[in-house]
Amino acid sequence: MSLKQIMVIGAGQMGSGIAQVLASSGFNVILNDISQEKARIGLSQIEKQLSKQLQKGKMDQNQVNEILTKIKISASLQDAQDADVVIEAAVENMEIKQSIFKQLDEIAPKHTILATNTSSLPITEIAAVTTRAENVIGMHFMNPVPVMKLVEIIRGLATSEQTYQIVHDLTLKLNKTPVEVNDFPGFVSNRVLMPMINEAIYTIYEGVATKEAVDEVMKLGMNHPMGPITLADFIGLDTCLYVMETLYDGFGDDKYRPCPLLKKYVKAGWLGRKTKRGFYIYE
């Protein structure tokens, strides 16, 4: 199937990154959010990232202009009627995602593939609210999207081989590496990563070491490019907590119990870089 237009729902950090990568690969993109203002902010983030590439000499002004002309902003899900693929990158909440997919199912053409960038929620459950479960799939990009190569591709219970192959091929066209995983809470990336971050927070909570020490141990001892506490702040502590709760609910295993200190920080509104304060303070 020839993919002429792709819609991205959610113009936040992940959605704008996905839109940028799509447009940079030659696709026409509709960047959608709940308001024109939010969609415009997402577009401005793309412009900012491209400007950095321009300043570094990694692309010229013509390339930047060409990418930006391929992106149209939108505040209406009705625009999905022109899309061959929709990639949802809204907030990590099952009710919100199901509401979006239910509307998309009514609006988008029958051939349209509905993909979700969820980092932990069941694809099968999202697909269940549609009449095209065979066309629903997980397409989990890593953050920051323009830099990170991995895309987890997650089949739901009813996802067809054709849908999988189209999304697999699309991922390759984006110069990303597709990795197929099965539909379990957290998939592979967050099922492994989040418990590590959670355990790192426990070591602070229990007084084993300072946040700086925990980060240094993992960077210098385990060769991680970023310490787990710094990484948690970068991801967002609210997102970390939500994924841990999804794992805990999904498996019912105490090893996924969120650390009380993580819960406390989220309740305090200390969510990491995006609020200028998490485990570290960001000026």
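Small disclaimer: the values here were computed from a predicted structure and weren't measured. (Residues numbered from 1 in each chain as written. Predicted model: local features only at pLDDT ≥ 70, side-chain atom pairs only at ≥ 80, totals over all residues. Heavy atoms only, no water.)

## Comments concerning the overall build of the protein
Then, number 1: When helices and strands are counted, the protein shows 11 helices and 8 strands.
Then, number 2: Considering only C-alpha atoms, the protein reaches an extent of 55 × 45 × 30 Å along its principal axes.
Then, number 3: Each of the 283 residues in the protein was classed as buried or not, and the buried ones make up 48%.
Then, number 4: Carbon and sulfur atoms provide 52% of the accessible area of the protein, an area that totals close to 13,700 Å².
Then, number 5: Averaging the positions of the 29 positive and the 32 negative side-chain charges in the protein gives two centres separated by 5 Å. (Helix = DSSP H or I, 4+ residues; strand = E, 2+ residues; numbered from the N terminus. Buried < 20%, exposed > 50% of the residue type's maximum accessible area, 1.4 Å probe, protein only. Areas by Shrake-Rupley, 256 points an atom, 1.4 Å probe, with all protein chains shown as cover. Lys, Arg positive; Asp, Glu negative; His and termini not counted. Charge placed at Lys NZ, Arg CZ, Asp CG, Glu CD.)

## Quick word on the UniProt feature "domain: 3-hydroxyacyl-CoA dehydrogenase C-terminal" (unreviewed entry) in the protein
Then, number 1: Following the UniProt record, the feature "domain: 3-hydroxyacyl-CoA dehydrogenase C-terminal" (unreviewed entry) maps to residues 186-282 here.
Then, number 2: The span residues 186-282 carries 63% helix and 0% strand; its end-to-end C-alpha distance comes to 28 Å. (UniProt positions renumbered as here; feature names shortened; annotations may be inferred.)

## With respect to the packing of helix α7 (residues 189-205) against helix α11 (residues 260-268)
Then, number 1: For the pair α7 and α11, interaxial distance at closest approach is 8 Å and the crossing angle is 90 degrees. Taken as axis vectors, α7 and α11 run roughly perpendicular relative to one another. Mapping the contact onto sequence places N198, I201, Y202, I204 and Y205 in α7 and P260, L261 and L262 in α11. (Axes fitted to C-alpha atoms, helices over the stretch in contact; angles between N-to-C directions. Parallel < 35°, antiparallel > 145°, perpendicular 65-115°, else oblique. Contact = heavy atoms within 4.5 Å.)

## Here we look at unusual backbone geometry
Then, number 1: Going from N143 to P144, the amide bond is cis rather than trans, its omega being 0 degrees.
Then, number 2: By secondary structure assignment, the location of P144 is in the loop between β6 (136-141) and β7 (150-155).
Then, number 3: Here the phi dihedral of N223 falls at roughly 65 degrees; this positive angle occurs in a residue that is not glycine.
Then, number 4: Note on placement: N223 falls in the loop between α8 (211-222) and α9 (228-235).

## Side note on the packing of α8 against α9
Then, number 1: Put simply, α8 and α9 touch, their axes get as near as 7 Å, and they point 105 degrees apart. The angle between α8 and α9 places the two elements in the roughly perpendicular class. Contact residues: K211, V214, D215 and M218 in α8; P228, I229 and T230 in α9.
Then, number 2: Residues belonging to the contact of α8 with α9 are distributed by class as follows: 4 nonpolar, 1 polar and 2 charged. (Nonpolar A, V, L, I, M, F, W, Y, C, P; charged D, E, K, R; others polar.)

## Focus: the UniProt feature "domain: 3-hydroxyacyl-CoA dehydrogenase NAD binding" (unreviewed entry) in the protein
Then, number 1: Sites flagged by UniProt as "domain: 3-hydroxyacyl-CoA dehydrogenase NAD binding" (unreviewed entry) map to residues 6-183.
Then, number 2: Regarding residues 6-183, the helix share stands at 41% and the strand share at 21%, and the terminal C-alpha atoms are separated by 24 Å.

## Thoughts on the sheet that holds strand β1 (residues 5-9)
Then, number 1: Read across the sheet, 8 strands follow the order β3-β2-β1-β4-β5-β6-β7-β8 without closing on themselves; strand pairing throughout is mixed. Looking along the sheet, the strands with just one partner apiece sit at the ends: β3 (71-74) and β8 (177-181). Taking each pair of neighbouring strands and ignoring which way they run, the sheet shows an average axis angle of 25 degrees.
Then, number 2: Here 4 bridges tie strand β4 (residues 85-88) to strand β5 (residues 113-116), and the two strands are oriented parallel to one another. If you follow I87 over to β5, its bridge partner there is A115. (Pairing = 2+ DSSP bridges.)

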